[in-house]
Amino acid sequence: MTTVKGLGAPVAELQKNSVKAYATQGADKPLAPFNLERRKLRPHDVQIEILYCGVCHSDLHTARNEWKGTTYPCVPGHEIVGKVTKIGPEVKNFKEGDTVAVGCLVDSCRTCSSCKENLENYCEVGFVLTYNGIDKHDKTVTYGGYSTQIVVDDHFVLHVPKGFSEKELPGVAPLLCAGITTYSPLRHWKVGKGSKVGVVGLGGLGHMAVKLAHAMGAQVVLFTSSANKTADAKRLGADEVALTKNPQDLKKYANSLDLILNTVSASHNLDTYLELLKRDGTMCMLGAPEHPHPSPTVQNLIFKRRNIAGSIIGGLKETQEMLDFCAKHHITSDIEIIPIQKINEAYERMLKSDVKYRFVIDIASLK
Ligand code: NAP
Ligand code: ZN
Ligand code: ZN
């Protein structure tokens, strides 16, 4: 192999790892073609050729700086499925050709009490997000899965179970955020046979919540603002559907639910749902709207000792457990596959609650 005079390293290794992507350059700018450089592999790194990437509402919140703190250019995407193309010398768990996945995290401190309990999603020092995060080593901004390739530390790479066929891989991608974000609270609040679970919002997270709660044996009530989603909700596993615009529909469920997963991406009146919880019931907030919710009425909490909680994605161990659970129960996301050129249109449709029920980018369209 040719070497560069004076350096002794092979030319191929010195060449930059240029990757095609889509990025936005500002809060009011569309996503557009962008070239980025992936880092050279560190000893624990896995290089992944991306096949599919899901489109999460968090991508839109971040691309448009709705949570503030977005660094531009911004390459979103944290529901990634692909094939391993190269591994670093210390990687033991993965080999070239493996089908793998990457979710919302690419690093954490690994030493705090949360990390030691496999809860990297609650890292006390601060985790590194797959996009719009800061790499701990070279202090560069991380770029996500709207790209043809990614390089990730092996601790943050998941195995796609063999139970999934190649054909199912596009529907596996959304499990990496929408799947784990809903699986984790269902497990934490010990949902199973005999539980009555409410899910608010039938979008990416909501439809996974319905499927997973149903598979865990719970009775599921879906609360939706879209009348046209009723039949789908039942097909996905909801036992009952209530239209949130219809107060009579909601009244039927007063004081009846053990757990509510609230996935709504916009600010709204929380009292509407708190009233539906049993004594000691919990509403777990998953949606992260741009603007705060109005404060709920305290009486709605104190008279029935009700709880409002929150939850963010899941740790790596639990994410693998969720993937294995989904493979065992034949659960994937219901998706609409799009070429990357349609991403801006997909964002607009997501804002209109017109997603059935997750857009997934076919990354072949980027090559
Ligand atoms: P999505 O696919 O757009 O679904 C959101 C759903 O909320 C919509 O389909 C709609 O359901 C309902 N909705 C939206 N706007 C509404 C409004 N103004 N009033 C009432 N209902 C409304 O979004 P997603 O990807 O599931 O994400 C949902 C939220 O969770 C986002 O804020 C996202 O950033 C956040 N998130 C949090 C985590 C976490 O770790 N906690 C992880 C991922 C995402 P209906 O049509 O059925 O009413
Ligand atoms: Zn997400
Ligand atoms: Zn930590």
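No experiment lies behind these values; they were computed from the predicted model shown.

(A) Representation of the coordination of the zinc ion (ligand 2) in the model. Within the first shell, the zinc ion (ligand 2) binds the protein through Cys-56 (SG), His-78 (NE2) and Cys-177 (SG), at distances of 2.0 to 2.2 Å. Sequence positions of the residues that donate to the zinc ion (ligand 2) give the spacing C-x21-H-x98-C. One end of the pair, Cys-56, is in the loop between strand 3 (45-55) and helix 2 (57-63); the other, Cys-177, is in the loop between helix 4 (169-172) and helix 5 (178-188), and 121 residues separate them in sequence. Residue class for Cys-177 comes out buried when judged on its relative accessible area of 5%.

(B) Region of the structure containing the site of ligand 1. As a matter of local geometry, ligand 1 sits amid 29 residues, with Thr-224, Ser-225, Ser-226, Lys-229 and Arg-358 nearest to it. A distance of 2.7 Å separates an oxygen atom of ligand 1 from a polar atom in the side chain of His-57. The side chain of His-61 places a nitrogen or oxygen atom 2.8 Å from an oxygen atom of ligand 1. Elements with a minimum of two residues in the shell around ligand 1: helix 2 and helix 6 (204-215). Among the elements that line the shell around ligand 1, the one with the most residues is helix 2, at 3 residues. Here the shell around ligand 1 is built from residues that sort into 12 nonpolar, 15 polar and 2 charged.

(C) Representation of the pattern of salt bridges within the structure. Within this structure, the stated rule accounts for 23 salt bridges. Put simply, Asp-98 and Lys-95 hold a salt bridge, and the shortest N to O gap is 2.9 Å. Among the charged side chains, a network of salt bridges with common partners joins Arg-39, Arg-42, Asp-45, Asp-135 and Asp-138.

(D) Structural context of the pairing of strand 13 (residues 257-262). Of all 6 residues that make up strand 13, 5 are buried, and the element is covered over most of its length. Of the strand pairs in this sheet, strand 10 (residues 196-200) and strand 13 are connected by 4 bridges, and their pairing is parallel. Residue pairing across strands places Val-197 opposite Leu-259, the latter belonging to strand 13. In this sheet, strand 14 (residues 277-285) lies alongside strand 13 in parallel orientation, the contact comprising 5 bridges. The residue bridging Leu-257 from the neighbouring strand is Leu-277, located in strand 14.

(E) Structural detail: the coordination of the zinc ion (ligand 3). Ligation of the zinc ion (ligand 3) by protein atoms is provided by Cys-109 (SG), Cys-112 (SG), Cys-115 (SG) and Cys-123 (SG), these donors lying 2.3 to 2.4 Å from the ion. Along the chain, the residues donating to the zinc ion (ligand 3) are arranged with the sequence spacing C-x2-C-x2-C-x7-C. Within this pair, whereas Cys-112 is found in the loop between strand 6 (105-107) and helix 3 (113-116), its partner Cys-123 is found in the loop between helix 3 and strand 7 (128-129), the two being separated by 11 residues in sequence. Assessed through its relative accessible area of 11%, Cys-112 is described here as buried. Judged by relative accessible area, Cys-123 falls into the buried class, the value being 10%.

(F) How the structure looks around the nonpolar core. The biggest cluster of nonpolar side chains holds 91 residues, and the ones touching the most others in it are Tyr-146, Leu-175, Leu-186, Ile-343 and Tyr-347. Apart from the residues within four sequence positions on either side, Ile-343 is in contact with Tyr-22, Leu-31, Val-55, Tyr-146, Ile-338 and Ile-361. Formed by 15 residues, the second largest nonpolar core is a distinct cluster that contains Ala-242, Leu-250, Tyr-253 and Leu-274.

Calculation notes
- Residues numbered from 1 in each chain as written.
- Chains lettered and ligands numbered in written order.
- Predicted model: local features only at pLDDT ≥ 70, side-chain atom pairs only at ≥ 80, totals over all residues.
- Heavy atoms only, no water.
- Donors = N, O, S within 2.8 Å, 3.2 Å for Na, K, Ca; no water.
- Helix = DSSP H or I, 4+ residues; strand = E, 2+ residues; numbered from the N terminus.
- Buried < 20%, exposed > 50% of the residue type's maximum accessible area, 1.4 Å probe, protein only.
- Near = heavy atom within 4 Å.
- Polar contact = N/O pair within 3.5 Å; in protein donor to acceptor, adjacent residues only side chain to side chain.
- Nonpolar A, V, L, I, M, F, W, Y, C, P; charged D, E, K, R; others polar.
- Salt bridge = Lys/Arg side-chain N within 4 Å of Asp/Glu carboxyl O.
- Pairing = 2+ DSSP bridges.
- Core = buried A, V, L, I, M, F, W, Y, C linked by side-chain atoms within 4.5 Å.
- Contact = heavy atoms within 4.5 Å.

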